[in-house]
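Examining the three-dimensional arrangement
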Amino acid sequence: MSSREHLGSLELLVLLAVLRAGRNASGIPIAREVQQGSGRAVALGSVYMALARLEKKGLVLSQLGAPTAARGGRAKAFFHLSSRGLREVRLAHDTLTRLWQGIPELTGGP
Amino acid sequence: MTPAAPPRFATWLLQHCGSGYRCESLAGDLIEEYHAGRSRVWYWRQVLLAIMAGAGQRMRVEPDSGGDAVPVATVSRLNPVGRRWREYRGLLLFVLLMCCFRSAWADWVYVPTGSMNPTILEGDRLLIDKHVYGLRVPFSLIHLTRGDNPHRGDIVVFDSPRDGTSLVKRVIALPGDSVAMNGERLIVNGVDASYAAGPASELQRLLRATRQHDPAVVRESGVLPEHDILLLPDRRHEILLGPVTVPPGMYFVLGDNRDNSADSRYIGFVPRRNIVGRATRVVLSLNPDRYYAPRSRRFFSSL
């Protein structure tokens, strides 16, 4: 069993976006959630690359839906977090929260 | 209004040169968004970004270390050559497309010599419009479209008819024109060019080695659009030429540095098919006399 995986900032954003998109978590909704959350446009290809890394790390699982004519006969891939993925998000939150606390520059607003 | 079908070539590129991870789903997402009102530009941009993201990921990850980004069911069945090809084909295609673009559409070239002083200086990097005179098959001189013909005064890049080296000179006479030179004086179609003293400030920009020849900047006009030329009194070329008629399909070109330029006076007329593009502007300029310090005032200046 490997130790904790290192998460990049886009990977963490994508994990959170997958959670927020819920049952509808395919490429476009995930990219929208990332964009709305971060305020920055993100290329769909970059989101898929992040999902590829996360799936390889075992943090995300995917399954294919049915192909549709509107998508040129291509199936939609749906993503959800594995239990390890959920644990990593919680750990990242706890780590960031701990690091946030007690820094004078970050208290009292901008 | 958005056309009905998304760009098929872009979709093909994505499926054959993408990362291999959920390419079908990514293509489906893009097609769905396109039908929802996105533009072709958006579609192409997403495809190219996806290919680059895939190539970048492959470069970051050592494939043999088990850090492969592609799910490995398909890749592991391939032999090592096939696996390498699958891993690097996106990057290879990107490099190939870039080379084709530079060969046939636009390029930038470094100028190491001063044959076009004072217009172009040693150390300039020029933007070359390579499709203005007709689109060519990349890496060849075969034209696919006719394009515009060079005009008098154009600064053109061409392959020397003598040895194939790439040269940059100014077009002086077109096919059918009569051209003559009496020393430094140019006569085109029986009309003498006019000469007046040019701005002395241009001398300061020349390299030290050129300034040692006590050069003079002269403004040439009358037979082609007004421009500056450089004369080197101690290297004067007292050439008596012509008048000769430029043959069909040929061009007579000269360097602006009239006393230090191997041009049509020495290499003969330049065939139209050898002319690969027009120099439009300086994009970058480094001064060899000052350890290649940037000459920022020349950046993006038009020629």
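Residues numbered from 1 in each chain as written. Chains lettered and ligands numbered in written order. Predicted model: local features only at pLDDT ≥ 70, side-chain atom pairs only at ≥ 80, totals over all residues.

Quick word on the overall build of chain A
The helix and strand tally for chain A stands at 4 helices and 2 strands. In chain A, the succession of helices and strands from N to C terminus is α-α-α-β-β-α. Burial analysis of chain A (110 residues in total) assigns 35% to the buried set. Of the contacts made within chain A by residues no fewer than 6 positions apart, 48% connect residues no fewer than 24 positions apart. (Helix = DSSP H or I, 4+ residues; strand = E, 2+ residues; numbered from the N terminus. Buried ≥ 20, exposed ≤ 12 C-beta atoms within 10 Å, placed from the backbone. Contact = placed C-beta atoms within 7 Å.)

Some details on the overall build of chain B
Helix and strand counts for chain B stand at 7 helices and 16 strands. Residue burial in chain B is summarised as follows: out of 303 residues, 33% are buried. Nonlocal contacts in chain B, meaning residues at least 24 apart in sequence, comprise 58% of its contacts between residues at least 6 apart.

Description of the interface of chain B and chain A
Listed per partner, the contact involves 21 residues of chain B and 18 residues of chain A. Per-element tally for the side of chain B that touches chain A: the top contributor is helix H2 (residues 23–35) of chain B, with 11 residues. Class assignment for the residues of the side of chain B that touches chain A results in 9 nonpolar, 7 polar and 5 charged. (Nonpolar A, V, L, I, M, F, W, Y, C, P; charged D, E, K, R; others polar.)

Some thoughts on unusual backbone geometry
Residue and element names in this part refer to chain B. In this structure, the amide linkage connecting asparagine 117 to the following residue, proline 118, adopts the cis form with an omega of 5°. Unlike most non-glycine residues, phenylalanine 139 shows phi in positive territory, near 65°. Inspection of the secondary structure puts phenylalanine 139 in the loop between strand E2 (124–129) and strand E3 (155–159).

Section: the sheet that holds strand E8 (residues 194–197) of chain B
All names here are of chain B. As summarised here, the arrangement of the 3 strands in space is E8-E9-E10, forming an open sheet in which the pairing is antiparallel. At either margin of the open sheet sits one strand with a lone partner, and together these are E8 and strand E10 (227–231). Ignoring which end each strand starts from, the neighbouring axes of this sheet average 40° apart. Two elements, strand E9 (residues 216–221) and E10, share 5 bridges in a ladder whose sense is antiparallel. Looking across to E10, one finds that alanine 216 is bridged to leucine 231. (Pairing = 2+ DSSP bridges. Axes fitted to C-alpha atoms, helices over the stretch in contact; angles between N-to-C directions.)

Concerning the environment of Thr11(B)
All names here are of chain B. Here threonine 11 is to be found in helix H1 (residues 8–17). Residue threonine 11 is classed as buried on the basis of its C-beta count, with 21 C-beta atoms lying within 10 Å. Taking the C-alpha atoms as reference points, threonine 11 and leucine 30, 19 residues apart in sequence, are found 8.9 Å from one another. Every residue in contact with threonine 11, bar those within four places of it in the chain, is listed here: Pro6 and Ala27.

Re the packing of H1(B) against H2(B)
All names here are of chain B. The contact between H1 and H2 brings their axes to 9 Å, and the two run at 155°. The orientation of H1 with respect to H2, classified from their angle, is roughly antiparallel. Crossing of H1 over H2 shows right-handed handedness. Only Cys23, Leu26 and Ala27 of H2 make contact with H1, whose side of the interface consists of Thr11, Leu14 and Gln15. (Parallel < 35°, antiparallel > 145°, perpendicular 65-115°, else oblique. Left-handed = near helix turned anticlockwise from the far one by under 90°.)

Here we look at helix H1 (residues 9–21) of chain A
Residue and element names in this part refer to chain A. The end-to-end C-alpha distance of H1 is 18 Å, a good match for the 18 Å that 13 residues give at a rise of 1.5 Å each. When we look at burial in H1, the residues that qualify are Glu11, Leu13, Val14, Leu15, Ala17, Val18 and Ala21. Just beyond H1, the residue with positive phi is glycine 22, at close to 65°. (Expected span 1.5 Å × (residues − 1).)

What about the environment of Leu44(A)?
As for its placement among the helices and strands, Leu44(A) is situated in helix H3 (residues 44–56). Once residues lying within four places of it in the same chain are set aside, the contact partners of Leu44(A) are Gly27(A), Ala31(A), Leu26(B), Asp29(B), Leu30(B), Gln46(B) and Ala50(B).

Some thoughts on the environment of Arg162(B)
Within the secondary structure, Arg162(B) is located in the loop between E3 and strand E4 (166–173). The spatial distance from the C-alpha of Arg162(B) to the C-alpha of Tyr266(B) is 9.4 Å, given a sequence separation of 104 residues.

A short note on the nonpolar core
When a protein is soluble and globular, its nonpolar side chains tend to lie buried together. Counting residues in hydrophobic clusters, the biggest one holds 41 residues, and the most contacted among them are Val14(A), Val18(A), Ile30(A), Val47(A), Tyr48(A), Leu51(A) and Leu14(B). Of all the secondary structure elements, the ones that give two or more residues to this core are H1, helix H2 (27–38), H3 and strand E2 (77–81) of chain A together with H1, H2 and helix H3 (40–60) of chain B. A per-element tally of this core places H3(A) first, with 8 residues. With near-sequence residues (within four places) excluded, Leu14(B) lies in contact with Cys23(B), Leu26(B), Ala27(B), Val47(B), Ala50(B) and Ile51(B). Counting 31 residues, the second largest nonpolar core, distinct from the first, contains Met116(B), Ala173(B), Leu254(B) and Ala279(B). (Core = buried A, V, L, I, M, F, W, Y, C linked by C-beta atoms within 7 Å.)

Function cannot be inferred from these measures alone, as they are strictly geometric.
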